[in-house]
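Secondary and tertiary structure notes
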Amino acid sequence: MRIRTATLADLPAVTAVEAACFPAAEAATEADFAARLAAYADHFWLLEDDDGTLISFIDGMVSDEPTLRDEMYENAALHNEYGAWQMIFGVNTLPEYRRHGYAGQLLRRAVADARQQGRKGLVLTCKERLLPYYAKFGFQDEGVTDKSTHGNVAWHQMRLSF
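Below: a short report on this structure. These numbers come from a predicted model, not from an experiment.

Quick look at the overall build of the protein
Counting its secondary structure elements, the protein contains five helices and nine strands. Out of the 162 residues in the protein, the part that is buried amounts to 50%. Taking the contacts inside the protein whose residues are at least 6 apart along the sequence as the reference set, 64% of them involve residues at least 24 apart. Element-wise, carbon and sulfur atoms account for 50% of the exposed surface of the protein, whose accessible area totals about 7800 Å². Measuring between centres, the 16 positive side-chain charges of the protein sit 6 Å from its 23 negative side-chain charges.

Side note on the pattern of salt bridges
Evaluated as defined, the whole model comprises ten salt bridges. Linking Glu26 and Lys127 is a salt bridge whose minimum nitrogen-to-oxygen distance equals 3.0 Å. Note that Glu26 is positioned in the loop between helix 1 (11–21) and helix 2 (30–40) and Lys127 in the loop between strand 7 (121–126) and helix 5 (131–135), a separation of 101 residues in sequence. Between Glu81 and Arg119 there is a salt bridge, with its nearest N and O atoms 3.5 Å apart. Taken together, the residues span a long stretch of sequence, with Glu81 in the loop between helix 3 (70–74) and strand 5 (85–88) and Arg119 in the loop between helix 4 (102–116) and strand 7 at a distance of 38 residues. The partly exposed category is assigned to Glu81, whose relative accessible area is 34%. Connected through shared salt-bridge partners, Arg2, Arg4, Asp10 and Glu48 make up one network.

Some details on helix 2
Structural remark: α-helix, 3.6 residues per turn; residues separated by three or four positions point the same way. Inspection of helix 2 places Phe33, Arg36, Leu37 and Tyr40 among the buried residues, and these make up the whole buried set. An end-on view of helix 2 places all buried positions within 100 degrees of arc, on one side of the element. When the buried face of helix 2 is taken as reference, the exposed residues oriented beyond 90 degrees from it are Ala31 and Ala38. If you follow the buried residues of helix 2, they end up packed against helix 1, strand 2 (44–48), strand 3 (54–59) and helix 3.

A look at the packing of aromatic side chains
A complete count under the given rule lists nine aromatic pairs for this structure. Here the aromatic rings of Tyr133 and Tyr134 are separated by 5.1 Å at their centres, their planes lie at 80 degrees, and the arrangement is edge-to-face. Judged by its relative accessible area of 24%, Tyr133 is partly exposed. Since its relative accessible area comes to 7%, Tyr134 is described here as buried. A network of ring pairs unites the aromatic residues Phe33, Tyr40, Phe44 and Phe57 as a single cluster. The ring centre of Trp85 lies 4.5 Å from the NZ or CZ of Arg159, which sits over that ring.

Some words on the pairing of strand 2
With respect to burial, strand 2 is a largely interior element, five of its five residues being buried. Alternating positions in strand 2 separate into two faces, Phe44, Leu46 and Glu48 on one and Trp45 and Leu47 on the other, with burial throughout. Alignment of strand 1 (residues 2–5) against strand 2, held across four bridges, turns out to be antiparallel. Counted as the bridge partner of Ile3 is Leu47 from strand 2. Inspection of the sheet shows strand 2 paired to strand 3 by five bridges, in the antiparallel sense. Looking at strand 3, one finds that Trp45 is bridged to Ile58. The turn linking strand 2 back onto strand 3 is made up of five residues, and Gly52 within it adopts a positive phi angle of 85 degrees.

Definitions and limits used
Residues numbered from 1 in each chain as written. Predicted model: local features only at pLDDT ≥ 70, side-chain atom pairs only at ≥ 80, totals over all residues. Heavy atoms only, no water. Helix = DSSP H or I, 4+ residues; strand = E, 2+ residues; numbered from the N terminus. Buried < 20%, exposed > 50% of the residue type's maximum accessible area, 1.4 Å probe, protein only. Contact = heavy atoms within 4.5 Å. Areas by Shrake-Rupley, 256 points an atom, 1.4 Å probe, with all protein chains shown as cover. Lys, Arg positive; Asp, Glu negative; His and termini not counted. Charge placed at Lys NZ, Arg CZ, Asp CG, Glu CD. Salt bridge = Lys/Arg side-chain N within 4 Å of Asp/Glu carboxyl O. Arc of directions from axis to C-beta. Phe/Tyr/Trp six-rings, centres within 6.5 Å; stacked < 30°, edge-to-face > 60°. Lys NZ or Arg CZ within 6 Å of the ring centre and 35° of its normal. Pairing = 2+ DSSP bridges.

Honestly, that's just the spatial picture; any functional story needs more than this.
Okay, here's the thing in structure tokens:
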């Protein structure tokens, strides 16, 4: 297994993993990922198996805004490389590779990179059932947010501050 950042060449694989992990109403599209990769490929952490197959990834822009809003998912131009907060848009692991700690490896790497880059911390949204999972990594639940309602789902905002 190896962790690396993305390039535009990873677009098909990232899109396929996303589609396997999220319902269509919540999943980013290939066009979304193309824009994100063009704007902030270094904020995609990919975990590949020994054959180079993508099995898990995390992505998200950087912003000075402390709250993750739906517009951020849709507008890659909002990325600010020098921003204070690393946003996490998705933690994706192919279903057949779940429960092996791969997402945790990527989360630890994203946290370490954000700390090394001098960020204030990381922000993500998740469904209520995942609150205990992210809490294991130090994320604190800030409650259901009204700034992110994509897929018509209630999302909890969680923050890990340094």
